[in-house]
There are 2 protein chains.
Amino acid sequence: MEMLKKRIVEQAKVLGPDILKVDMFLNHMIDISLLKAIGEEFHRRFADEKINKILTVEASGIAVACMTAIAFGVPVVFAKKEEHSNVGGLCYTSDIYSFTRNIKTTICVSSSYLCASDRVLILDDFLANGSALTGLIDIARQAGSTLVGAGIVIEKGFQGGGNALRESGVRIESLAYIESMDDGIIVFG
Amino acid sequence: MEMLKKRIVEQAKVLGPDILKVDMFLNHMIDISLLKAIGEEFHRRFADEKINKILTVEASGIAVACMTAIAFGVPVVFAKKEEHSNVGGLCYTSDIYSFTRNIKTTICVSSSYLCASDRVLILDDFLANGSALTGLIDIARQAGSTLVGAGIVIEKGFQGGGNALRESGVRIESLAYIESMDDGIIVFG
């Protein structure tokens, strides 16, 4: 998606071998026009899939999910992180690991909001090692939902999580796939 | 806002003297059509205020903020909770207290994304004791921004936070103001 890649090149900051700061438009300040275009692009790619629910995880997935849900006309379900959880009742849970912050978190979704008849598109802002996405896939499968695929705004391909999941048969559409960012130079795949 | 009140009466669950569960449409599963209407209602109420930025706090404020930002055509900034924060650089911070979960959290906003020329509308899903809103107001003031007011989806008026802030001069527009919910019966003000 050229508009997104252009924005990354112009504004994103490479802060380390695997840290890309995009909080000026994606995950601290949110450029609503860009996210609207992102949502429309995900819709274009998954339009034929009869998706009836979008699944993401708090916090920074929520904006992407909502702006995409407008294009699909479907509800969003966001997994809660357990330290905040007051979900109550029966939940699907999965453990995810943040390598950036070096912490394990349990994410959960109430069984009331995800079920076997759902055709689910998972969305997230970033894909790196794939831990959050793997956790969301796990939750969709516990619910018996059909996983249509995953839409990712920025994939750091060199961290390998996305390609491992593709090999396992998951359809992943990343709008910006970063092959490398050595010496601060961002190379798209 | 009648559409919202109707939804609360039909679906919300009163789980205790001050806990209202609306996670079937607002803060776990998100009804995008309802949130679109909520965003348009906030726009109707604050349309003349030359707002150029919407401020909220992760996680459940993000959906409300994004859906309202579409109507205003402005960016969203969401405060991060410190345990997740990788904001870096100079930040405005404020301590908020969750009475529901009995924990103190520090919220922060990078000084890059809020400044003295901003005319800010604060949005959140709930207003109860007013701690989160007070923290966001504090952050807007640290930035020297003009606080236009606050838009709240559901205010639990009987918890008093909103009225204390109104008395201090803050304009607060709540789309559903709950006066009481004794014995599980929701009474709007």
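Residues numbered from 1 in each chain as written. Chains lettered and ligands numbered in written order. Predicted model: local features only at pLDDT ≥ 70, side-chain atom pairs only at ≥ 80, totals over all residues. Heavy atoms only, no water.

**Thoughts on the overall build of chain A**
Reasoning step 1: Check the secondary structure of chain A and you find five helices and eleven strands.
Reasoning step 2: For chain A, the C-alpha atoms occupy an extent of roughly 45 × 35 × 35 Å along the three principal directions.
Reasoning step 3: Taking all 189 residues of chain A together, the buried fraction comes to 58%.
Reasoning step 4: At a minimum sequence separation of 6, the contacts of chain A that also span at least 24 residues come to 60%.
Reasoning step 5: Total accessible area computed for chain A in this model is approximately 7500 Å², and 48% of it derives from carbon and sulfur atoms.
Reasoning step 6: Here chain A carries 19 positive and 23 negative side-chain charges, and the mean point of each set is 4 Å from the other. (Helix = DSSP H or I, 4+ residues; strand = E, 2+ residues; numbered from the N terminus. Buried < 20%, exposed > 50% of the residue type's maximum accessible area, 1.4 Å probe, protein only. Contact = heavy atoms within 4.5 Å. Areas by Shrake-Rupley, 256 points an atom, 1.4 Å probe, with all protein chains shown as cover. Lys, Arg positive; Asp, Glu negative; His and termini not counted. Charge placed at Lys NZ, Arg CZ, Asp CG, Glu CD.)

**Quick notes on the interface of chain B and chain A**
Reasoning step 1: Contacts between the two partners involve 35 residues from chain B, matched on the other side by 35 residues from chain A.
Reasoning step 2: Where chain B abuts chain A, roughly 3000 Å² becomes buried across the two surfaces, and 66% of that area is made up of carbon and sulfur atoms.
Reasoning step 3: Here chain B is connected to chain A by zero salt bridges.
Reasoning step 4: The tally of links between chain B and chain A comes to twelve residue pairs in polar contact (both at pLDDT 80 or more).
Reasoning step 5: Of all elements in the fold, only strand 3 (29–30), helix 3 (61–72), strand 5 (76–81) and strand 7 (103–110) of chain B reach the threshold of two or more residues within the side of chain B that touches chain A.
Reasoning step 6: Classifying every residue of the side of chain B that touches chain A by side-chain character gives 21 nonpolar, six polar and eight charged.
Reasoning step 7: For strand 3 (residues 29–30) of chain A and strand 5 of chain B, the ladder comprises two bridges, and the chain directions are antiparallel. Paired with Ile30(A) across the bridge in strand 5 of chain B is Val76(B). (Buried area = accessible area lost by both parts, 1.4 Å probe. Salt bridge = Lys/Arg side-chain N within 4 Å of Asp/Glu carboxyl O. Polar contact = N/O pair within 3.5 Å; in protein donor to acceptor, adjacent residues only side chain to side chain. Nonpolar A, V, L, I, M, F, W, Y, C, P; charged D, E, K, R; others polar. Pairing = 2+ DSSP bridges.)

**As for the pattern of salt bridges**
Residue and element names in this part refer to chain A.
Reasoning step 1: Using the criterion set out here, one finds 28 salt bridges over all chains in the structure.
Reasoning step 2: A salt bridge links Lys-36 to Glu-40, with the nearest nitrogen and oxygen atoms 3.2 Å apart. Linking Lys-36 with Glu-40, this pair stays in helix 2 (residues 32–46), spanning four residues, or about one helical turn.
Reasoning step 3: You can call Lys-36 partly exposed: its relative accessible area is 41%.
Reasoning step 4: Taking the relative accessible area as the measure of exposure, Glu-40 reaches 43% and is therefore partly exposed.

**As for the environment of Lys50(A)**
Residues and elements named next belong to chain A.
Reasoning step 1: Assignment of secondary structure puts Lys-50 in the loop between helix 2 and strand 4 (53–57).
Reasoning step 2: Residue Lys-50 is classed as exposed on the basis of its relative accessible area of 67%.
Reasoning step 3: C-alpha separation for the pair Lys-50 and Val-74, spaced 24 residues apart in sequence, amounts to 10 Å.

**Points about the relation of the copies chain B and chain A**
In this structure, two copies of a chain are linked by a rotation about an axis accompanied by a shift along it.
Reasoning step 1: When chain B is fitted to chain A, the residual RMSD is 0.0 Å, and the transformation amounts to a turn of 180° plus an axial shift of 0.0 Å. The relationship between the two copies is best expressed as a two-fold rotation axis. Nearest to the rotation axis, the C-alpha of Ala59(B) is located 2.5 Å from it, this being the minimum over chain B. (Least-squares fit on C-alpha atoms with pLDDT ≥ 70 in both.)

**Structural notes on the side chain of Asp118(B)**
All names here are of chain B.
Reasoning step 1: Relative to the elements of secondary structure, Asp-118 occurs in the loop between strand 7 and strand 8 (119–127).
Reasoning step 2: Note on Asp-118: relative accessible area 2%, which makes it buried.
Reasoning step 3: From its side chain, Asp-118 meets the backbone nitrogen of Cys-115 in a polar contact 2.9 Å long.
Reasoning step 4: Setting aside anything within four residues of it in sequence, one finds Asp-118 in contact with Asn-52, Lys-53, Tyr-113, Ser-145 and Thr-146.

**As for the packing of helix 1 (residues 2–11) of chain B against helix 2 (residues 32–46) of chain B**
All names here are of chain B.
Reasoning step 1: Contact geometry for helix 1 and helix 2: axes closest at 10 Å, N-to-C directions at 140°. It follows from the interaxial angle that helix 1 and helix 2 lie oblique. Touching Met-3, Leu-4 and Arg-7 of helix 1 are Leu-34, Ala-37 and Ile-38, all from helix 2. (Axes fitted to C-alpha atoms, helices over the stretch in contact; angles between N-to-C directions. Parallel < 35°, antiparallel > 145°, perpendicular 65-115°, else oblique.)

**Quick notes on the pairing of strand 5 of chain B**
All names here are of chain B.
Reasoning step 1: For strand 5, the tally of buried residues reaches six of six residues, placing the bulk of the element in the interior.
Reasoning step 2: Burial of the side chains of strand 5 extends over both faces: Val-76, Phe-78 and Lys-80 are buried on one face and Val-77, Ala-79 and Lys-81 on the other.
Reasoning step 3: Pairing analysis gives four bridges linking strand 4 (residues 53–57) to strand 5, with the strands arranged parallel. Within the sheet, the bridge partner assigned to Thr-56 lies in strand 5 and is Phe-78.
Reasoning step 4: Considered for its hand, the β-α-β crossover made up of strand 4, helix 3 and strand 5 is right-handed. (Right-handed = clockwise from strand over helix to strand, strands pointing away.)

**Here we look at the confidence of the model for chain A**
Reasoning step 1: Per-residue pLDDT for chain A averages 95, and the proportion of residues at 70 or more is 97%.
Reasoning step 2: Confidence metrics for the complex model read pTM 0.96 and ipTM 0.95. (pLDDT = per-residue confidence, 0-100.)

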